[in-house]
Amino acid sequence: MTKKLTKAVLPVAGLGTRFLPATKAMAKEMLPVVDKPLIQYAVDEARAAGITQFCMITGRGKIALVEHFDVAYELESTLRQRGKEAEIAALREAQLAPGDIVTVRQQVPLGLGHAIWCARAFIGDDPFAILLPDDLILSDTPCTQQLAEAYYETGGSVVAICEVPPDQTNKYGILKIGADDGRLVEVTGLVEKPKPEDAPSNLSIIGRYVLLPDVIEHLSRMERGAGNEVQLTDSMARMIGNTPFHGLRYKGQRFDCGDKVGFLEAQIAFALRRPEMAAQVRNFLRKYQEPA
Ligand code: G1P
């Protein structure tokens, strides 16, 4: 029987070295796109897919991420005294119900696979989503919801995929594919960050997954892969053949917010979606266009 998807794991232990000095004393997942931190986009996307239980895999210096989803009692009461109802509503949106979020410390930076393994007690025997907050997705139907639908259809693991330029396969997990109906792709193999000449395709995994819990037993072996890290991709590859495994060409636009230019583009794209500022943003953008 296909179990209901209610859990999400958010790996947020990374050091954010690409954004130094901004991330010297602040978690990179707290960087805002317009007015919402990256972590909240991930949580909101998961909530829209019916997910109610969250586990953040954190590390040192990541306390703000925990605080962000807590009740901000003093701030709320100050805002109430000042009659700032809209601001109170914004605070409440960033709140999770008591017991709906737990954190686990990764303690040692051994890779994404190790981070997910750290959530094994939270995952138990249930399917779970993974959202990498660096990957921000603008779409009409939230990407995790699209994955959840594909999970209920196939009863197996599903990863969000997109085509990447052939010379960039060494930045991603890459699929080896079987049957392809244009939307869902049967995955027959997975390779983490292959050189372009070794890549089995140019279809890459982006930071959204729905996985069956059997991935944990494979992760437990702690085998090192690309970059001498415990790679999630390697353990997912071991699941293939035992349970259904598909890639989903999700509908939407992905922004790599782990990259400075990708992050800037996300600011513009998300601002243009906001009715209260879209016209102003469009106006100022004209100033920066190169003359024709
Ligand atoms: C991770 C995964 C990789 C995936 C990518 C998506 O890599 O290991 O398979 O394609 O996320 O963003 P990272 O970006 O952490 O190097």
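Just above sits the structure.
In short, a report on the structure.

Reading the values: the criteria
- Residues numbered from 1 in each chain as written.
- Predicted model: local features only at pLDDT ≥ 70, side-chain atom pairs only at ≥ 80, totals over all residues.
- Heavy atoms only, no water.
- Near = heavy atom within 4 Å.
- Polar contact = N/O pair within 3.5 Å; in protein donor to acceptor, adjacent residues only side chain to side chain.
- 1 Å grid on protein atoms, 1.4 Å probe; cavity = no way out; pocket = protein on both sides within 12 Å on 5 of 7 lines; lining within 4 Å.
- Sits in = over half its atoms within 2 Å of the grid points.
- Helix = DSSP H or I, 4+ residues; strand = E, 2+ residues; numbered from the N terminus.
- Buried < 20%, exposed > 50% of the residue type's maximum accessible area, 1.4 Å probe, protein only.
- Contact = heavy atoms within 4.5 Å.
- Pairing = 2+ DSSP bridges.
- Points joined across faces, edges and corners; volume = space filled by probe spheres on them.
- Phe/Tyr/Trp six-rings, centres within 6.5 Å; stacked < 30°, edge-to-face > 60°.
- Core = buried A, V, L, I, M, F, W, Y, C linked by side-chain atoms within 4.5 Å.

Let's talk about the site of the ligand
Piece 1. Taken together, 14 residues lie around the ligand, and Asp135, Gly173, Glu192, Lys193 and Ile205 are the ones closest in.
Piece 2. Take Lys193: an N or O atom from its side chain is 2.7 Å from an oxygen atom of the ligand.
Piece 3. The backbone of Ile205 places a nitrogen or oxygen atom 2.7 Å from an oxygen atom of the ligand.
Piece 4. According to the grid-proximity analysis, the pocket containing the ligand is the largest pocket.

Quick look at the environment of Gln81
Piece 1. Residue placement: Gln81 occurs in helix α3 (residues 73-81).
Piece 2. Here Gln81 falls in the exposed class, since its relative accessible area comes to 70%.
Piece 3. Separated by 143 residues in the primary sequence, Gln81 and Arg224 have C-alpha atoms spaced 55 Å apart.

Considering the side chain of Gln40
Piece 1. Here Gln40 is to be found in helix α1 (residues 38-48).
Piece 2. Here Gln40 falls in the buried class, since its relative accessible area comes to 4%.
Piece 3. Setting aside residues no more than four positions away along its own chain, Gln40 makes contact with His68, Phe69, Glu93 and Ala94.

Considering the pairing of strand β6 (residues 128-131)
Piece 1. Where burial is concerned, the two faces of β6 agree: the one with Phe128 and Ile130 and the one with Ala129 and Leu131 are both buried.
Piece 2. As paired elements, β6 and strand β11 (residues 203-211) share four bridges and run antiparallel to each other. Opposite Ala129, over in β11, you have Val210 as the bridge partner.

Some points on the layout of surface pockets
Piece 1. Taken as a whole, the largest pocket encloses approximately 1,300 Å³ of empty space.
Piece 2. What lines the largest pocket is a set of 44 residues, among which Gly14, Lys28, Leu112, Asp134 and Glu229 lie closest to the centre.
Piece 3. Among the elements of the structure, β4 (53-58), α5 (112-117), β11, α9 (232-239) and β13 (253-256) are those that each provide at least two residues to the lining of the largest pocket.
Piece 4. With four residues, the top contributor of residues to the lining of the largest pocket is β11.
Piece 5. Taken as a whole, the second largest pocket holds about 740 Å³ of empty space.

Side note on the packing of aromatic side chains
Piece 1. Within this structure, the stated rule accounts for five aromatic pairs.
Piece 2. Relative to Phe270, the ring of Tyr41 lies with its centre 5.2 Å away and its plane at 75 degrees, an arrangement referred to as edge-to-face. With a gap of 229 residues between them, Tyr41 in helix α1 and Phe270 in helix α10 (residues 260-272) connect regions that are remote in the sequence.
Piece 3. Classification of Tyr41 by relative accessible area gives buried; the value is 12%.
Piece 4. Grouped by ring-pair contacts, the aromatic residues Tyr41, Phe255 and Phe270 constitute a single cluster.

Quick notes on the nonpolar core
Piece 1. In terms of nonpolar packing, the biggest core is built from 66 residues, with Ile116, Tyr209, Leu211, Val215, Leu232, Met236 and Phe245 touching the most fellow members.
Piece 2. No other element matches β11, which puts six residues into this core.
Piece 3. Residue contacts for Tyr209: discarding those within four places in its chain leaves Leu112, Phe128, Ala129, Ile130, Leu132, Leu147, Val158, Val159, Leu232 and Met236.

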